[in-house]
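One-letter residues, chain by chain:
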Amino acid sequence: MLAIAFVLFASVLVESRPFNITDLIIPHIVPPGQDEIEIECRYDANFTLLNWFKGNTEFFRYKPGAAPSTRSFPILGVGRIELVHCGPTACRLRLGALTEEATGIYKCDIEKEVPPYQFESRTGYMEVHGHKHRKPVLEGLAEEFGEDDDMQAYCRGAPGAEIRWYINGQEMEQMRGSLAFKKKSSRLHFLGIPPTVTIQCAEYRFGKLSGSNQGKARWKEMHNEETPQEQRNGAAALYSGFYVIFMSYVFKLL
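Residues numbered from 1 in each chain as written. Predicted model: local features only at pLDDT ≥ 70, side-chain atom pairs only at ≥ 80, totals over all residues. Heavy atoms only, no water.

**Q** Which residues make up the overall build of the protein chain, and what values do they have?
**A** Assigned secondary structure in the protein chain consists of 2 helices and 18 strands. Carbon and sulfur atoms make up 57% of the accessible area of the protein chain, which amounts to about 15,600 Å² in all. (Helix = DSSP H or I, 4+ residues; strand = E, 2+ residues; numbered from the N terminus. Areas by Shrake-Rupley, 256 points an atom, 1.4 Å probe, with all protein chains shown as cover.)

What follows is the structure, encoded as structure tokens:
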């Protein structure tokens, strides 16, 4: 009986634990000459998933109990992502080989994916200075696209560099090493208001980012192509129709 009471008491303590991100440690300024920093997310929560984002792009995931429990994903501006420690109270990462494209908003999300569902998020801004890098030549990208149009671009990088392509920060792994980008456009690629898509070309040497460039395109909008005269004629016809209906109603009343 005592054992059952202890188990019930422990379960109550677990359920009553707060679900909070207590602190987010991100340097506001990374000065010239420093190309490595550490970021940390501290929490008081029983979560099932933790994600790190730069903007809307995920670059690290921690799922306690999974095998493996952590995964990292490449992002432009950060050449190296290293796990320092992720555990019950904090998740700390080391970001290295930074360039100025690492500047942006960083976010730590925690969530409990089983009922009762819970979610918490905290953001911070980091600005990287003095880390210039070369930009490959990116050309051939049209200014706008519609559904199933061919999206094409060409990238001229440094000799010996491997070219990698990204759409809205997500790498197109099947295109690694290709100097030409080609893909059918889709509404799913175009985000935001107004809808836009970002195509990025990145150079990698020995597995590390050495340069990148990007271009943006917008979704084709349907425009009313009638001439002013056609618009006036249409309005006149609509007015005439209403007038006929109105007079017919009047004569019925008489």
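Picking up where we left off.
**Q** An account of unusual backbone geometry is requested, with residue identities and associated values reported.
**A** A cis geometry characterises the amide bond from Ala67 onward to Pro68, with omega recorded as 0 degrees. Looking at the element boundaries, Pro68 is found in the loop between strand E5 (57-62) and strand E6 (70-72). In the Ramachandran plot, Ala97 falls in the positive-phi region, its phi being about 55 degrees despite a non-glycine side chain. With respect to the secondary-structure elements, Ala97 resides in strand E8 (residues 90-98).

**Q** Tell me about the environment of Ser69, and please be specific about residues and values.
**A** Position of Ser69 relative to the elements: it lies in the loop between E5 and E6. Through-space distance from the C-alpha of Ser69 to that of Cys86 is 9.3 Å; in sequence the pair is 17 residues apart. When sequence neighbours within four positions are dropped, the list of residues in contact with Ser69 reads Arg61, Tyr62 and Lys63. (Contact = heavy atoms within 4.5 Å.)

**Q** Hey, could you go over the pairing of strand E13 (residues 150-156) for me, with residue numbers and the actual values?
**A** Burial along E13 is one-sided: the residues Met151, Ala153 and Cys155 are buried and none of Asp150, Gln152, Tyr154 and Arg156 is. Two elements, strand E11 (residues 137-139) and E13, share 3 bridges in a ladder whose sense is antiparallel. Each residue of the ladder has a partner; that of Val137, found in E13, is Arg156. Alignment of E13 against strand E16 (residues 180-184), held across 5 bridges, turns out to be antiparallel. Following the sheet pairing, Tyr154 is matched in E16 by Ala180. (Buried < 20%, exposed > 50% of the residue type's maximum accessible area, 1.4 Å probe, protein only. Pairing = 2+ DSSP bridges.)

**Q** How would you sum up the sheet that holds strand E15 (residues 170-171)? Please name residues and give values.
**A** The strand order E12-E18-E17-E14-E15 describes an open sheet built from 5 strands, whose pairing is mixed. Strands with a single pairing partner mark the edges of an open sheet, and in this sheet they are strand E12 (144-145) and E15. Judged from the 2 bridges that link them, E12 and strand E18 (residues 208-219) form a sheet pairing that is parallel. Residue pairing for E18: Glu144 is matched across the bridge by Arg218.

**Q** Describe the confidence of the model for the protein chain, with residues and values.
**A** Summarising the model, the protein chain shows a mean pLDDT of 81, and 79% of its residues fall at 70 or more. Confidence over residues 1-14 falls short of pLDDT 50; this stretch has 1 contact with residues more than four positions distant or in other chains. Note on residues 223-228: pLDDT under 50 across the span, and 3 contacts to partners over four residues away in sequence or across chains. (pLDDT = per-residue confidence, 0-100.)

**Q** Help me get a handle on the state of the cysteines, residues and values and all.
**A** This model, assessed by the stated rule, comprises 3 disulfides. A disulfide bridge connects Cys41 with Cys108, and the sulfur atoms are separated by 2.1 Å. Looking along the S-S bond of the Cys41-Cys108 disulfide, the torsion reads about -85 degrees, which is the left-handed sense. Residue Cys41 is located in strand E3 (residues 36-44), and its partner Cys108 is located in strand E9 (residues 104-112); the two are separated by 67 residues in the primary sequence. Of the two residues, Cys41 and Cys108, neither departs from the other in class, the shared state being buried. Here Cys155 pairs with Cys201 through a disulfide, and the sulfurs are 1.7 Å apart. Its torsion about the S-S bond being -45 degrees, the disulfide of Cys155 and Cys201 is classed as left-handed. With Cys155 in strand E13 and Cys201 in strand E17 (residues 196-205), the pair connects residues that are 46 residues apart, well separated along the chain. Each member of the pair, Cys155 as well as Cys201, carries the same accessibility label: buried. (Disulfide = S-S within 2.5 Å.)

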